[in-house]
Amino acid sequence: MTTTAQKMLIDDLDATSEQCRTVLDSLKSKNETEEFDKLVLDLQELVTKRQNLLDVLIADDSFVQKDYLQRQLELTLSLEVKAKLVMKSLHAEIHLGKKNQRQVNVYKSIDSDR
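Here's what I pulled together on the structure shown here.

About the thresholds
Residues numbered from 1 in each chain as written. Predicted model: local features only at pLDDT ≥ 70, side-chain atom pairs only at ≥ 80, totals over all residues. Heavy atoms only, no water. Axes fitted to C-alpha atoms, helices over the stretch in contact; angles between N-to-C directions. Helix = DSSP H or I, 4+ residues; strand = E, 2+ residues; numbered from the N terminus. Parallel < 35°, antiparallel > 145°, perpendicular 65-115°, else oblique. Left-handed = near helix turned anticlockwise from the far one by under 90°. Contact = heavy atoms within 4.5 Å. Core = buried A, V, L, I, M, F, W, Y, C linked by side-chain atoms within 4.5 Å. Buried < 20%, exposed > 50% of the residue type's maximum accessible area, 1.4 Å probe, protein only.

### Quick look at the packing of helix H1 (residues 4-29) against helix H2 (residues 33-59)
The axes of two packed helices give the description: the angle between them and the distance between them.
So, step 1. The contact between H1 and H2 brings their axes to 9 Å, and the two run at 155°. Taken together, the axes of H1 and H2 lie roughly antiparallel to each other. Handedness of the H1/H2 crossing: left-handed. Only Phe36, Leu39, Val40, Leu43, Leu46, Val47, Lys49, Arg50, Leu53, Leu54, Val56 and Leu57 of H2 make contact with H1, whose side of the interface consists of Leu9, Ile10, Asp12, Leu13, Thr16, Ser17, Gln19, Cys20, Val23, Leu24, Ser26 and Leu27.

So, in structure tokens, the structure goes:
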């Protein structure tokens, strides 16, 4: 049996988890630095909120829905995979940007030697 407080925690946790998914999906497609930075900050806040909600739910000894907690663990792992993919993509873009900048510098150096 789920208490009213537990039901509210579950609803808030589900909403927060969905917001995390949405922000991660948005991060995949955003290239503008300002918007990207805001989304990353939003994601950090959502992850912290989600962790706090999970901590409260787990600390409640009367909460016995192990299947729900198992789904939350699976969701946590899937969110982690998505976040790592976004981070890997961003890392590749940064690396490509540095490589392109080096090429530009080489061309500038060659042009200045003429």
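Still more ground to cover, so stick around.
### Concerning the nonpolar core
So, step 1. By size, the foremost hydrophobic cluster in this structure holds eleven residues: Cys20, Val23, Leu24, Leu27, Phe36, Leu39, Leu43, Leu46, Leu75, Leu79 and Val86.
So, step 2. Residue assignment for this core shows that the elements contributing at least two residues are H1, H2 and helix H3 (66-112).
So, step 3. Within the second largest apolar cluster, eight residues are counted, among which are Leu9, Leu53, Leu54 and Leu57.

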